[in-house]
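Below, each chain spelled out in residue letters.
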Amino acid sequence: MSTAAFHISSLLEKMTSSDKDFRFMATSDLMSELQKDSIQLDEDSERKVVKMLLRLLEDKNGEVQNLAVKCLGPLVGKVKEYQVETIVDALCANMRSEKEQLRDIAGIGLKTVLSELPPAATGKYVFPQKHPEDFDLYLPGQNGVIWPLLAPRESRKRSSGLATNVCRKITGQLTSAIAQQEDVAVQLEALDILSDMLSRLGAPLGAFHASLLHCLLPQLRSPRLAVRKRAVGALGHLAAACSTDLFVELADHLLDRLPGPHVPASPAAVRTLIQCLGSVGRQAGHRLGAHLDRLVPLVEEFCSLDDDELRESCLQAFEAFLKKCPKEMGPHVPSVTSLCLQYMKHDPNYNYDSDGEEEQMETEDSEFSEQESEDEYSDDDDMSWKVRRAAAKCMAALISSRPDLLPDFHRTLAPALICRFKEREENVKADVFGAYIVLLRQTRPPKGWLEAIDEPTQTGSNLHMLREQVPLVIKALQRQLKDRSLRARQGCFSLLTELAGILPGSLAEHMPVLVAGIIFSLADRSSSSTIRMDSLAFLQGLLGTEPAEAFHPHLSTLLPPVMACVSDPFYKIAAEALLVLQELVRALWPLGRPRMLDPEPYIGEMSAATLARLRATDLDQEVKERAISCMGHLVGHLGDRLGDDLEPSLLLLLDRLRNEITRLPAVKALTLVAVSPLRLDLRPILAESLPILASFLRKNQRALRLATLAALDALAQSQGLNLPPSAVRVVLAELPALVSESDMHVAQLAVDFLTTVTQAQPTSLAEVSGPVLSELLHLLRSPLLPASVLAAAQGFLQALVGTRPPCVDYAKLMDLLTAPVYDQAVDGGPGLHKQVFHSLARCVAALTAACPQEAAGTAKRLVCDARSPNSSTGVKVLAFLSLAEVGQVAGPGPQRELKTVLLEALGSPSEDVRTAASYALGRVGAGNLPDFLPFLLGQIEAEPRRQYLLLHSLREALGTAQPDSLKPYAEDIWALLFQRCEGAEEGTRGVVAECLGKLVLANPPFLLPRFRKQLAAGQAHTRSTVITAVKFLISDQPHPIDPLLKSFIGEFMESLKDPDLNVRRATLTFFNSAVHNKPSLVRDRLGNILPLLYQETKIRRDLIREVEMGPFKHTVDDGLDVRKAAFECMYSLLESCLGQLDICEFLNHVEDGLKDHYDIRMLTFIMLARLATLCPAPVLQRVDRLIEPLRATCIAKVKAGSVKQEFEKQDELKRSAMRAVAALLTIPEVGKSPIMADFSSQIRSNPELAALFESIQKDSASIPSTDSMELS
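Keep in mind it's a predicted model, so treat the numbers as computed, not measured.

K.L.:
Lay out the overall build of the chain in plain terms, naming residues and giving numbers.
P.N.:
The number of helices and strands found in the chain is 62 helices and 4 strands. Out of the 1272 residues belonging to the chain, those deemed buried represent 54%. Intrachain contacts of the chain at a sequence separation of at least 6 include 73% that bridge at least 24 residues. Per element, the accessible surface of the chain, about 55,200 Å² overall, is 51% carbon and sulfur.

Okay, here's the thing in structure tokens:
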């Protein structure tokens, strides 16, 4: 016998003891054993343990009974299936016992067993820390417990079959217990268990759904309220999991039983039916859409009956309908809105008009009268507050589900909500605040919103209406901010924080009221610390959104309570207060601007409080870090007023630098002090701090290295010559190792610091210039060099030759820079990456700009290298790219020679040389337009074979030249470009379009309107080129052309009606670019654009043709590219214009795309996964229809004999479809859908699909989700 088995055997023996303490302790020890993962029971031990625990369920001692019931939970996972069935049979038998205590214990036992069974497929899957090959999918149970959907593989069939078998055993017993009317306690317990079972395991009970429905419906007529309530809950869970036919039967039954409001009926019966509809709405509202037109008018009429409980149930039902079926509720929104407005102020037992009089009569000694007043109105029979709360919640659901009606809500709902801020009941007041906060969040301008000055947008008008409400909101909240209720004040702060975030600056004129409210809460030490933290957080946010001048008059009253909080013993309050103090200093005395407020009266108090916190060592880490940061701000902003406190503060910062725990915040604080324009004397700490900072550059902590480099750069810029040369050399010795492509950001900061040191102390750099240059030149050969690192390198190289005397000679540095190219074999071709040539050319240009006297000589040498027949391809490419930068400053002599050289190079056999020469011709021409531009235009006319390269040159010239200098040539360029719009080559037309875009940017008001004429009169290729040109006018940064472009967008989008496919595709590409980069251009026109867009997603049979390829016939779909472009636009709209979309209409086209071509299906799978996250309610409504195409993709087989690419495509499709399935399963109610349950079962039973699903879950757990996908 194993040790575990022997131990359990001894415990079982103790359980038979006559001493209840022995039995209790033995059962407790058994519980501990069963909870161990390592425990393994043999068959005999299983039988004995099960038998003993079932016996202990009938123990005379209640504590032993309770512990025995708890043991059943872990036991279920440790014993074989037939033993679990034995337990269930015994518990069901006990349910029918005459002993009430035994029935209760049996009920608890059944719930415990059910809670341990694996639930139906739902939610996210989590994997155990065991070997992945040994496990399948895991599912979340209730209360965060993780359940094995497919446990260790050998028990896969057991775990899925066990749940079904146990449920089937219990179900028959439960239905008979529910049907009998003798003992209500048994009925209630059975209904509880059934409700729990249906919520977690609804799908496996499919065979019993009909009998359960027919068993539960009669319980709605039970005389017992408790029975009716539990039956309502169970029917809600059943509605989510049952088949469509049964759901229709349930809905029809409820509707047919609902009498008209004027027909005599039992109020209790009507309340139960309405509550049942609300329960069905909450659990399975997405299935009720088809019945709402019949249902809503009935429920509306019942609101008119004088029954508060019934009204509450009606409003709760409306809330569920609005959340789950927003589109179907559209026609009923006006009536629901009026009901919400009516019942939100339904308070027949209270006269709010007397509030003002009461306020005047209040005195400081009126505590007794206040208590008496409270008692007078706390009537237990008053249910009206529940009606008001339900109305407020329904209003919040209405606002969140219909963002398109926001202007109406601001006109009708907002004033009513503000008026109800005076609500006397705390719970209701919290929901009123919640509803108004929902309205504020819906009003928040979308990301990238741009308000046109001359054309007010919908978003702008909503914000304008909100701005008008601000005085009313503040007036309504004035009393609430000093309310005795913590919850009321927290609601005020949440609401005001949201308001300040949406309308920055709008609260400035109301600052006296807000400051009084903040001080009231900060001084309130009688209650919990939460309200003080909330008020501090609100004050911090206010300092960031409101102008500093608004705080000036109140600082003397505001600062003392904040200082008291800084000294508070509770670490969270102290940390929050230090953050407020830091923000106060930053906002009221900003750097680089004149001080509008004298800091003298306040600086001593602020400094003393912060220093006290900084000196203390026995503090929480968060307080230490905040104190260091706060001191950094104080010294940086007000260091010149600190007087005797300055040096102790700096020495404390130095001390914190030496501490491993506080070194990072100390480095950041030191940076703040160093960048301060006050130019404080930091000599007391420089000599000691620099070696410490140098040691940080060797640490593995990346954040520390980045912060240290920023601090060193700031110190070098501000202190310059004050830096001790010996300490600087210690720092510089660490830098060559940091100039590496392994971390480009660190490399950039290191090079920036080197540049600063070169300018401040050039002699210190002499020792390390060799190793640093070697590393830098190696870095410049990286093809992944970011623009920011290249700019830093250029600055450093310029600094090296710009000092007097230069740290490195110009000629030597130029040789070092170009050596990698010049040392290559002559005929080896460019062995370096193309990007490296551009990087080196930029550095050559930077050196030349730093030494203008060398420019002409360098240009001549580069021209010679470019002309020389002995030069390698790489040398020529570098020469031309360098000339592109240097040629503009080289003077007229080399430029004349340059024309000839560049034209010759356009005929070179090397494509790299031709491209570099074309680029150089445009860049050099931009610096001398009168000479080069007519020459270039003439060449384009005269040399049709070189047209493509010359157009590239023109594009560079147009992009580089100043807009005003281009205006004299605009007409000639315009005419030349439009002559080439009808070219046969698409590549040439693309360059023409880009040239047109750059030309229009030179004079938008004059040239952009002329595009309209070309669209109306031009040929198909011209129209396509014009639309493509418009795409090049859109950038992701604000541009002066934006308002003008916005006014023309509608006309350009009309090209979606063009008969030519290429024009429509170009229009969709342009639209996608606008949506992705600058959605504000199109948001307000989506109502007209979307129907045209959706039209392009449909398969057109007239565009599908058959092509004969020898003996084979191949189908070609000419409309595929246009459809794909349309679906890409739809994806982009999800990212930036979600609020303007009708999701139900959108989903119709996504649904069609799920059955389209491979490329489009891939896109729609991604869209479906995104929609499941962004707007689960509409997706849930049609999940049954969405599953079928996903299932078809997952089970599809590639024809035998297909090429390898076909198999790879199918695998990728399956993986993408499975990602969509995983996303759908994150919607809680999806797992209860019978079709999804069936599909989940199919995935589990198919090893290939189960393995695929498992790998996808692991990927999603390990890789952060990407919220967007680049498509433009």
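What follows picks up the thread again.
K.L.:
Let's hear about the confidence of the model for the chain: which residues, and what values?
P.N.:
Close reading of the predicted structure is inappropriate where its pLDDT is low. Confidence in the prediction of the chain, expressed as mean pLDDT, is 83, and 90% of residues score 70 or more. Ignoring residues within four places in sequence, the model shows residues 450-456, a span with pLDDT below 50, making 6 contacts including any to other chains. In the predicted structure, residues 1264-1272 sits below a pLDDT of 50 and forms 19 contacts with residues beyond four places in sequence or in another chain.

K.L.:
Give me the lowdown on the pattern of salt bridges, citing residues and values where you can.
P.N.:
Scanning all chains against the criterion turns up 65 salt bridges. Of the charged contacts, one joins aspartate 59 and arginine 23 as a salt bridge, the two residues approaching to 2.7 Å between their closest N and O atoms. Pair noted here: aspartate 59 is in the loop between helix 3 (43-56) and helix 4 (62-76) and arginine 23 is in helix 2 (residues 20-34), with a separation of 36 residues, a long-range link. Exposure remark for aspartate 59: the relative accessible area of 11% places this residue in the buried category. Residues arginine 532 and aspartate 568 are paired through a salt bridge, measuring 2.6 Å at the closest nitrogen-oxygen approach.

K.L.:
Outline the side chain of threonine 610, supporting the account with residue identities and numerical values.
P.N.:
Counting through the fold element by element, threonine 610 comes out in helix 27 (residues 600-615). Apart from the residues lying within four places of it in its own chain, the contact partners of threonine 610 are Leu581, Ala627, Cys630, Met631 and Leu634.

K.L.:
Provide a residue-level description of helix 56 (residues 1143-1153), including the pertinent values.
P.N.:
Counting buried positions over the 11 residues of helix 56 gives 8, a clear majority of the element. All buried positions along helix 56 are accounted for by Ile1143, Cys1144, Phe1146, Leu1147, His1149, Val1150, Glu1151 and Gly1153. Where helix 56 is buried, its residues touch helix 54 (1086-1095), helix 55 (1120-1136), helix 57 (1158-1174), helix 58 (1176-1181) and helix 59 (1183-1195). One side-chain oxygen of the residue at the start of helix 56 lies 3.2 Å from the amide nitrogen of cysteine 1144, identifying that residue as aspartate 1142.

K.L.:
Can you tell me about the pairing of strand 4 (residues 1112-1117), naming the residues and giving the values?
P.N.:
Alignment of strand 3 (residues 1104-1109) against strand 4, held across 6 bridges, turns out to be antiparallel. The residue bridging arginine 1105 from the neighbouring strand is valine 1116, located in strand 4. The hairpin turn running from strand 3 into strand 4, its antiparallel successor, is 2 residues long, and glycine 1110 in that turn takes a positive phi close to 65°.

K.L.:
Let's hear about the side chain of threonine 175: which residues, and what values?
P.N.:
Relative to the helices and strands, threonine 175 is located in helix 7 (residues 156-179). Its relative accessible area of 17% is what places threonine 175 among the buried residues.

K.L.:
Let's hear about the packing of helix 12 (residues 267-284) against helix 13 (residues 292-302): which residues, and what values?
P.N.:
Pairs of packed helices are described in terms of their axes, by the angle between the two and the distance that separates them. Between helix 12 and helix 13, whose axes approach to 12 Å, the crossing angle comes to 135°. As summarised for this structure, helix 12 and helix 13 are arranged oblique, according to the angle between their axes. Viewed along their axes, helix 12 and helix 13 form a crossing whose handedness is left-handed. Between helix 12 and helix 13, the contacting residues are Val270, Ile274 and Leu277 on the first element and Leu295, Val299 and Phe302 on the second.

K.L.:
I'd like a rundown of the nonpolar core, residues and numbers included.
P.N.:
Within the largest apolar cluster, 424 residues are counted, with the highest numbers of intra-cluster contacts made by Tyr436, Met606, Phe880, Leu954 and Phe1011. Setting aside its immediate chain neighbours within four residues, tyrosine 436 contacts Ala414, Leu417, Ile418, Phe421, Leu466, Gln469, Val473 and Leu495.

K.L.:
So what's going on with the packing of helix 30 (residues 663-675) against helix 31 (residues 683-696)? Residues and values would help.
P.N.:
Orientation of helix 30 relative to helix 31, taken along the N-to-C sense of each, is 125°, at an axis distance of 12 Å. The pairing of helix 30 with helix 31 is recorded here as oblique in orientation. Crossing geometry of helix 30 relative to helix 31 is assigned as left-handed. Residues Arg663, Val667 and Leu670 of helix 30 form the contact with helix 31, whose own contacting residues are Ile685, Leu693 and Phe696. Across the contact of helix 30 with helix 31, the residue classes tally to 5 nonpolar, no polar and 1 charged.

K.L.:
Before we move on, could you go through the packing of aromatic side chains and cite the residues and values that matter?
P.N.:
In the structure shown here, the tally under the stated rule is 11 aromatic pairs. Look at tryptophan 589 and tyrosine 602: their rings are 6.4 Å apart centre to centre, the planes differ by 45°, and that puts the pair in the tilted class. With tryptophan 589 in the loop between helix 26 (571-588) and helix 27 and tyrosine 602 in helix 27, this pair connects stretches of sequence that are 13 residues apart. The two residues tryptophan 589 and tyrosine 602 agree in class, both being buried. Among the aromatic residues, ring-to-ring pairing joins Phe421, Phe433 and Tyr436 into one connected group. Here the guanidinium or amino end of lysine 1031 rests over the ring plane of phenylalanine 1032, the centre of that ring lying 5.3 Å away.

K.L.:
Hey, could you go over the environment of arginine 698 for me, with residue numbers and the actual values?
P.N.:
Within the element layout of this structure, arginine 698 appears in the loop between helix 31 and helix 32 (702-719). A sequence separation of 39 residues divides arginine 698 from alanine 737, and the C-alpha atoms of the two residues are 9.1 Å apart.

K.L.:
Please provide a residue-by-residue account of unusual backbone geometry, values included.
P.N.:
Even without glycine at this site, arginine 679 takes up a positive phi of about 50°. Here arginine 679 lies in the loop between helix 30 and helix 31.

K.L.:
Lay out the environment of arginine 989 in plain terms, naming residues and giving numbers.
P.N.:
With respect to the helices and strands, the residue arginine 989 is situated in helix 48 (residues 986-1002). As a C-alpha pair, arginine 989 and leucine 977 span 12 residues in sequence and 9.3 Å in three-dimensional space. Sequence-distant contacts of arginine 989, defined by excluding residues within four places in its chain, comprise Arg980, Cys981, Gly983, Ala984, His1021 and Thr1025.

K.L.:
Could you give an account of the environment of leucine 949, naming the residues involved and the relevant values?
P.N.:
For leucine 949, the position within the fold is in helix 45 (residues 947-960). Measuring from C-alpha to C-alpha, the distance between leucine 949 and serine 918 comes to 5.6 Å, with 31 residues separating the pair along the chain. The residues contacting leucine 949, other than those within four sequence positions of it, are Leu906, Arg914, Thr915 and Ser918.

K.L.:
Describe helix 13, with residues and values.
P.N.:
Among all positions in helix 13, only Leu292, Leu295, Val296, Leu298, Val299 and Phe302 are buried. Take helix 13 and look down its axis: the buried residues cluster within an arc of 165°, on one side only. On its buried face, helix 13 is in contact with helix 11 (244-257), helix 12 and helix 14 (308-324).

K.L.:
Summarise the state of the cysteines; cite the residues concerned and give the values.
P.N.:
Under the defined criterion, the tally for this structure stands at 0 disulfides. Its sulfur unpaired, cysteine 1175 is 9.0 Å from the next cysteine sulfur, which belongs to cysteine 1144.

Conventions we followed
Residues numbered from 1 in each chain as written. Predicted model: local features only at pLDDT ≥ 70, side-chain atom pairs only at ≥ 80, totals over all residues. Heavy atoms only, no water. Helix = DSSP H or I, 4+ residues; strand = E, 2+ residues; numbered from the N terminus. Buried < 20%, exposed > 50% of the residue type's maximum accessible area, 1.4 Å probe, protein only. Contact = heavy atoms within 4.5 Å. Areas by Shrake-Rupley, 256 points an atom, 1.4 Å probe, with all protein chains shown as cover. pLDDT = per-residue confidence, 0-100. Salt bridge = Lys/Arg side-chain N within 4 Å of Asp/Glu carboxyl O. Polar contact = N/O pair within 3.5 Å; in protein donor to acceptor, adjacent residues only side chain to side chain. Pairing = 2+ DSSP bridges. Axes fitted to C-alpha atoms, helices over the stretch in contact; angles between N-to-C directions. Parallel < 35°, antiparallel > 145°, perpendicular 65-115°, else oblique. Left-handed = near helix turned anticlockwise from the far one by under 90°. Core = buried A, V, L, I, M, F, W, Y, C linked by side-chain atoms within 4.5 Å. Nonpolar A, V, L, I, M, F, W, Y, C, P; charged D, E, K, R; others polar. Phe/Tyr/Trp six-rings, centres within 6.5 Å; stacked < 30°, edge-to-face > 60°. Lys NZ or Arg CZ within 6 Å of the ring centre and 35° of its normal. Arc of directions from axis to C-beta. Disulfide = S-S within 2.5 Å.

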